[in-house]
Amino acid sequence: MADNLPSEFDVIVIGTGLPESITAAACSRSGQRVLHVDSRSYYGGNWASFSFSGLLSWLKEYQENSDIVNENPAWQEHILENEEAIALSRKDKTIQHVEVFCYASQDLHEDVEETGALQKNHASVTSVNPTEGEHSAYLPSEDESSCTVSCQIPTEQTPNSDLESSLEINDVEATGEEEKRCDDKTCVKSASEEETSENVLTTEDTTLQPRKNRITYSQIIKEGRRFNIDLVSKLLYSRGLLIDLLIKSNVSRYAEFKNITRILAFREGRVEQVPCSRADVFNSKQLTMVEKRMLMKFLTFCMEYEKHPDEYKAYEEITFSEYLKTQKLTPNLQYFLLHSIAMTSETASNTIDGLKATKNFLHCLGRYGNTPFLFPLYGQGELPQCFCRMCAVFGGIYCLRHSVQCLVVDKESRKCKAVIDQFGQRIISKHFLVEDSYFSENTCSHVQYRQISRSVLITDRSVLKADSDQQISILTVPAVETGTFAVRVIELCSSTMTCMKGTYLVHLTCTSSKTAREDLEPVVQKLFTPYTETEIENEEDEKPRLLWALYFNMRDSSDVSRNSYNDLPSNIYVCSGPDCGLGNDNAVKQAETLFQQICPNEDFCPPPPNPEDIVIDGDSLQSEASESSFIPEANSETPKESRSLGNPELSSQ
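Along each chain, the written sequence defines residue order, and numbers are assigned to residues from 1. In view of the model being predicted, local features appear only for residues whose pLDDT reaches at least 70, and side-chain atom pairs are presented and counted only at 80 or more, with totals across whole chains, interfaces and linings using the full set of residues. As a convention, hydrogens and water are excluded, and side-chain values are obtained from all of the structure's heavy atoms.

- The protein goes by Rab proteins geranylgeranyltransferase component A in an unreviewed UniProt entry, where it is assigned to Lynx pardinus.
- UniProt positions are given in the numbering used here, feature names are shortened, and annotations may be inferred rather than shown by experiment. Its UniProt record gives the protein the following Subcellular location (unreviewed entry) comment, quoted word for word: "Cytoplasm, Cytosol".
- Listed under Sequence similarities (unreviewed entry) in UniProt, the entry text for the protein is "Belongs to the Rab GDI family."

Next up, the structure:
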């Protein structure tokens, strides 16, 4: 495939993260010839999602610090005298301080493998005793406990193969990397196997004693395809820029979404639900009647606070926390508003920022459910792939496992003119879009990066019991010590297609002050208890039991100025990795800005034409009619896509 690549494009995009994928789709939609490459074997970069075994393979790759492709030392020979090269890095250094802990029963056998796995490849698994605390970050060697994983990505994963048939909204197959891809027969078989295995386990457990099923590590491995674990934890605001873009561009047809069902707060050592909609406020048993009236009055003011500047002008210079204290609100309401609705901290936001955040929260309520947030089924990693599909539909060419060795710069014009790939092929282009992690240390020597602390947990039940076990929750745990940051907790149930039945997938995120484990472990200890044999019998234990935990730090390049990079030509554009924010607005703004630089005065991701309105060359009889009918058809697509995005509201009920 790579040997047959065309030698000239309008835009070359290196990296398949969300900003790069949106920009590539927009450029392809506007008629640009786009080549989209990634040296990794999966889509999404640090925005990707993995099955459980796929995540273990990803961890092993970082542990070994191995290269995805071999370097071709002969690329220097392709540089001419009037040219110079900007070498790209072969190693991704955006992930650091990886630590893995396994608390579930270690009953792993050699014949245990992931259900429906396509190929056997052994990779080591981190196994850590809960009592062991020091430097358990390092993965065990090959002779320690290992599990079966499948690492090979099938060729049919490329988004330009049989697109339209595989992208129906109601399609239940996963569309990520190969661990979660399967045909209809395999999916049906896996589902039946899951039910069978669950029935067998239930029978065995009830025979022994009538207590809750024990979840073992071998079960997690066997049902590894049920997990879709995001490297970055985010939600979609229902009226945010990304939802608007998905609807406008018709890319929403490639994905399904679930409504976040609960907003939670952690107060005085307890987790409780926050009333945020009008119905929640009046049905709440936590608030007195006076508090309900206070809250509704303040929320009504926040929705139109710009019309009443006299109410807040005198408080613009103080923090939002201090402002709330002046509004005759009880400490209970102040806490809910600050941490669970504005989602800020005592010192992080001023009055204006807090009012804006509260208004945005309220503005997003009610569009698809009782909370402002949506979550994509199968994980955040689906979103870059959706835009990759759009790019491919309009002619973009994709190459995974295809590294670019260097960017070729003309010395005289100081413009980048081509890239040289791993095969030594020179590919010419006008514009070059490069994800930050691909630049070498020489290019980034003056760049100052922030870090994001991340943790992924597998637990046996929710942090707050409810009538339904299919709850999707967001919780903010305020910072306790000076110099630390609030921790955002997102808990996903099995109906999001991100974990196996009987478990929850929990994501913790905060801005780093130390290593991820040092930042997040105190919060984990407050909310969960390690899974041990002695505690299994204690069904009265309030805290969920922790089965497996991963900690890592991820580079945050979202605030890096382009001028920080050394000697980049003007036609090389830099895309940042994920930021620490909850939403995806930064990625959409970045993509639109880059697109306008590449294609000025072009519409950003317009709706696709209706197939019935496309006129074949020479068909002059229909041309006039099609021109007059195009605008109504395009407008009529918007409510249709709104209904498709409305499906989560129906499914959540």
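Now, onward.
## With respect to helix H10 (residues 331-341)
Move 1: With a 1.4 Å probe rolled over the protein chains alone, any residue whose accessible area is under 20% of its type maximum counts as buried; one over 50% counts as exposed, and the rest are partly exposed. Only runs of H or I of at least four residues qualify as helices and only runs of E of at least two qualify as strands under DSSP, and these elements are numbered from the N terminus. Of all 11 residues in H10, 10 are buried; the element is thus mostly enclosed.
Move 2: Those residues of H10 that sit buried are Asn332, Leu333, Gln334, Tyr335, Phe336, Leu337, Leu338, His339, Ser340 and Ile341.
Move 3: Count one or two residues on from H10 and you reach Met343, which has phi positive near 55 degrees.

## Things to note about unusual backbone geometry
Generally, phi is negative for residues other than glycine and the peptide bonds are trans, each holding for most cases.
Move 1: If you check the backbone angles, Lys328 has positive phi at about 55 degrees while not being a glycine.
Move 2: Considering the arrangement of structural elements, one finds Lys328 in the loop between helix H9 (320-325) and H10.
Move 3: The exposure class of Lys328 is exposed, given its relative accessible area of 73%.
Move 4: A positive phi angle, close to 55 degrees, is found at Arg401, a residue other than glycine.
Move 5: With respect to the element layout, Arg401 can be found in the loop between strand E14 (397-400) and strand E15 (404-410).
Move 6: Exposure remark for Arg401: the relative accessible area of 35% places this residue in the partly exposed category.

## A closer look at the packing of aromatic side chains
Move 1: Note on aromatic pairs: the rings of Phe, Tyr and Trp (six-membered ring only in Trp) are paired at centre separations within 6.5 Å, and the planes decide the class, stacked below 30 degrees, edge-to-face beyond 60, tilted for the rest. Counted under the stated rule, the structure contains 19 aromatic pairs.
Move 2: Pairing Phe52 with Tyr217 gives two aromatic rings, centres 6.0 Å apart and planes at 75 degrees, and the pair type is edge-to-face. Placement of the pair is Phe52 in helix H2 (residues 52-64) and Tyr217 in helix H5 (residues 217-222), with a sequence separation of 165 residues. Accessibility assignment for this pair places Phe52 and Tyr217 in one class, buried.
Move 3: Pairing Phe298 with Tyr323 gives two aromatic rings, centres 6.5 Å apart and planes at 45 degrees, and the pair type is tilted. Of this pair, Phe298 sits in helix H8 (residues 289-303) while Tyr323 sits in helix H9, and the two are 25 residues apart along the sequence.
Move 4: Note on Tyr323: relative accessible area 0%, which makes it buried.
Move 5: Here a set of aromatic residues connected by ring pairs shows up, and it is made of Tyr42, Phe50, Trp58, Tyr62 and Phe552.
Move 6: Arg267 extends its terminal NZ or CZ atom over the ring of Tyr335, reaching a point 5.5 Å from the ring centre. Look at NZ for Lys and CZ for Arg. If either is within 6 Å of the ring centre and within 35 degrees of the ring normal, a charge sits over the ring.

## Some words on the sheet that holds strand E17 (residues 426-428)
Move 1: An order of E4-E15-E16-E17 is seen for the four strands of this open sheet, with the pairing classed as antiparallel. The sheet is open, and its two borders are formed by strand E4 (83-87) and E17, each paired with just one other strand. Taking each pair of neighbouring strands and ignoring which way they run, the sheet shows an average axis angle of 30 degrees.
Move 2: In the sheet, strand E16 (residues 416-421) pairs with E17 via three bridges, with the strands oriented antiparallel. Residue pairing across strands places Ile420 opposite Arg426, the latter belonging to E17. Each pair of strands is called paired provided DSSP finds at least two bridges between the two strands. A fitted line through C-alpha atoms represents every axis, and for helices the fit uses only the stretch in contact; the resulting angles, taken between N-to-C directions, go from 0 to 180 degrees.

## Things to note about the pattern of salt bridges
Pairs may arise between side chains of opposite charge once their charged atoms sit close together.
Move 1: What makes a salt bridge here is a side-chain nitrogen of Lys or Arg within 4 Å of a carboxyl oxygen of Asp or Glu, nothing more. For the structure on display, the rule yields 25 salt bridges.
Move 2: Across the salt bridge formed by Lys234 and Asp579, the nearest N and O atoms sit 2.6 Å from each other. Of this pair, Lys234 sits in the loop between strand E8 (229-230) and strand E9 (236-237) while Asp579 sits in the loop between strand E25 (572-575) and helix H15 (585-598); the two residues are 345 residues apart in sequence, bridging distant segments of the chain. Summarising the burial analysis for this pair, Lys234 and Asp579 share the class buried.
Move 3: With its nearest N and O atoms 3.0 Å apart, the salt bridge here joins Lys359 to Glu306. One end of the pair, Lys359, is in helix H11 (residues 351-364); the other, Glu306, is in the loop between H8 and H9, with 53 residues separating them in the sequence.
Move 4: Judged by its relative accessible area of 25%, Lys359 is partly exposed.

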